[in-house]
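Chains, contacts and geometry: an overview
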Amino acid sequence: MAKSVISHQSGPFSVVSMGLPGDHEGKTATRVFFVRGADKIALIDSGLYGGLGDLQQAFEELGIAHGDLDLLLLTHEHMDHVGNNGWLKAETGCTIMGHEARADRVADNMLNAKAIVHAFPEGENFSLEEEYLDWMGPTEGPIESFVKDGDVIDLGGGVELEVVEVLGHSMAEIGFFERSTRTLVIADPLLPPFNPVLYLYEEPNVMRATFDKIERFLSERDVQAVLFAHDEVKTAAETVDLVNDCRRRVNKVEASMVTHMKANPGISFAELRDKCCDDQDMVREWRALVSIDASLKDFVAKGLAEQRDGGWHYVG
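Residues numbered from 1 in each chain as written. Predicted model: local features only at pLDDT ≥ 70, side-chain atom pairs only at ≥ 80, totals over all residues. Heavy atoms only, no water.

Before going further, it helps to spend a moment on the overall build of the chain. From N to C terminus, the chain includes nine helices and 14 strands. Its C-alpha atoms give the chain principal-axis dimensions of about 60 × 40 × 35 Å. Looking at the chain as a whole, 56% of its 316 residues are labelled buried. Restricting the contact set of the chain to residue pairs at least 6 apart, pairs at least 24 apart contribute 65%. Of the roughly 12600 Å² of accessible surface on the chain, a fraction of 47% belongs to carbon and sulfur atoms. Counting 29 positive and 54 negative side-chain charges, the chain places the averaged centre of each group 5 Å from the other. (Helix = DSSP H or I, 4+ residues; strand = E, 2+ residues; numbered from the N terminus. Buried < 20%, exposed > 50% of the residue type's maximum accessible area, 1.4 Å probe, protein only. Contact = heavy atoms within 4.5 Å. Areas by Shrake-Rupley, 256 points an atom, 1.4 Å probe, with all protein chains shown as cover. Lys, Arg positive; Asp, Glu negative; His and termini not counted. Charge placed at Lys NZ, Arg CZ, Asp CG, Glu CD.)

Among the nonpolar cores identified, the biggest contains 82 residues, and Phe-34 and Leu-55 are the most heavily contacted of them. Considering each element in turn, this core owes the most residues, nine residues, to helix H7 (residues 236–263). Non-local contacts of Leu-55, meaning those with residues more than four positions away in its chain, are made with Met-18, Val-32, Phe-34, Leu-43, Ser-46, Asn-84, Trp-87 and Leu-88. Judged by nonpolar contacts, the second largest core, of 19 residues, contains Phe-33, Ile-44, Ile-174 and Val-185. (Core = buried A, V, L, I, M, F, W, Y, C linked by side-chain atoms within 4.5 Å.)

Per the stated rule, a full pass over the model turns up 25 salt bridges. Glu-215 is the salt-bridge partner of Arg-247, the closest N and O atoms lying 2.7 Å from each other. With a gap of 32 residues between them, Arg-247 in helix H7 and Glu-215 in helix H6 (residues 204–220) connect regions that are remote in the sequence. Under the relative-accessibility criterion, Glu-215 is labelled partly exposed at 26%. (Salt bridge = Lys/Arg side-chain N within 4 Å of Asp/Glu carboxyl O.)

Residue pairs three or four apart in sequence face the same way in an α-helix, which turns once every 3.6 residues. Within the sequence span of helix H3 (residues 85–92), burial applies to Asn-85, Gly-86, Trp-87, Leu-88 and Thr-92. Those residues of H3 that are buried are in contact with strand S4 (41–44), helix H1 (52–62), strand S5 (71–73), helix H2 (79–82), strand S6 (95–98) and helix H4 (103–106). After H3 finishes, the residue Gly-93 shows a positive phi value of roughly 75°.

What follows covers the packing of aromatic side chains. Scanning all chains against the criterion turns up six aromatic pairs. Residues Phe-34 and Phe-59 carry aromatic rings whose centres are separated by 5.2 Å and whose planes lie at 85° to one another, so their mutual orientation is edge-to-face. Residue Phe-34 is found in strand S3 (residues 29–36), and its partner Phe-59 is found in helix H1; the two are separated by 25 residues along the sequence. Arranged with centres 6.1 Å apart and planes meeting at 85°, the rings of Tyr-199 and Phe-211 form a pair that is edge-to-face. On the criterion of sequence distance, the pair formed by Tyr-199 in the loop between strand S11 (183–186) and H6 and Phe-211 in helix H6 is long-range, its members being 12 residues apart. According to the relative accessible area criterion, Tyr-199 is buried, its value standing at 4%. Through a chain of ring-to-ring contacts, three or more aromatic side chains come together here, namely Phe-34, Phe-59 and Trp-87. Directly above the aromatic system of Trp-286 lies the positively charged group of Arg-287, at a separation of 4.3 Å from the ring centroid. (Phe/Tyr/Trp six-rings, centres within 6.5 Å; stacked < 30°, edge-to-face > 60°. Lys NZ or Arg CZ within 6 Å of the ring centre and 35° of its normal.)

Judged by pairing direction, the sheet is mixed, and its five strands sit side by side in the order S8-S9-S10-S11-S12 without closing on themselves. What marks the edges here is a single partner per strand, and that holds for strand S8 (152–156) and strand S12 (225–228). In this sheet, adjacent strand axes meet at a mean angle of 20° when their direction is disregarded. (Pairing = 2+ DSSP bridges. Axes fitted to C-alpha atoms, helices over the stretch in contact; angles between N-to-C directions.)

With that settled, the discussion passes to the pairing of strand S1 (residues 6–10). Where S1 meets strand S2 (residues 13–19), four bridges bridge the pair, whose relative direction is antiparallel. Note that in S2 the partner of Ile-6 across the bridge is Val-16. Hairpin connection from S1 to S2: two residues lie between these consecutive antiparallel strands, with Gly-11 at a positive phi of about 55°.

Here we come to the packing of H6 against H7. Contact geometry for H6 and H7: axes closest at 10 Å, N-to-C directions at 165°. Considering the angle they form, H6 stands roughly antiparallel to H7. Considering how the two elements wind past one another, H6 and H7 form a crossing that is left-handed. Contact residues: H6 offers Pro-204, Met-207, Arg-208, Phe-211, Asp-212, Ile-214, Glu-215 and Leu-218, while H7 offers Ala-236, Thr-239, Val-240, Val-243, Cys-246, Arg-247, Val-250, Asn-251 and Glu-254. Its residues assigned to classes, the contact of H6 with H7 shows 10 nonpolar, two polar and five charged. (Parallel < 35°, antiparallel > 145°, perpendicular 65-115°, else oblique. Left-handed = near helix turned anticlockwise from the far one by under 90°. Nonpolar A, V, L, I, M, F, W, Y, C, P; charged D, E, K, R; others polar.)

Below you can see the structure in the form of structure tokens.
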């Protein structure tokens, strides 16, 4: 019998783990979450295309017929969370639900890849195929129904998923809070410390506000367990520790930027990315460009940095 792909089960949840290749191999996985109510079955995220076999095995292990899946709920548009959308839609007929803000990217794999991997000229040397397009299946599964912060998805039998907006890593990211078990499911607003890439955020102030929001939510809603896409199940107290570590890592990115702009007036965008990655022993790759650009824009807005003759200067 094949090794089980179900890494955790509690209450209405069954968690499926899919290993990540490349720089992530052996360090982290991505996870998708089956949620069973009395009336409907939902799957949170579809994972990456390389994990399709694991997803197919999970249906068999859990005794869920393809046609019994009612809903596919997306946390955000990134490749390792939407990679099997097309297969799921074709095989199950499920309704795909998610945030409206990045629906265009979910509907178009090439747009999805270009919008983040080739967002800047300095990133055009990175392949769209490797670790983006090849993590998504050949057919897309567009979002058909939009949800927003505070919406409730009733699966029946007291199993209710409340939508929780957690922006910053993606400006269209949501999580889900299952009310009966007080379980919070989130994907990437809190990234594990063993992640081999620089912390990815699209807006540092929004990212920090989301850290604060998660910490408040854990206390105010008496959260009993947190399920993560790239980490093990945690208690609320363990999650608060992770929140603090995430704050520290984002702060470290910006502290490194200041240090290197001061030490190297006129430093290029790509050089700044490289030095910040090296400071945290992270891979020099396209995700880091997004974070560095986001913080540079914030520095400029606050009068702390400016670009002259193609280089960056700290003026704070």
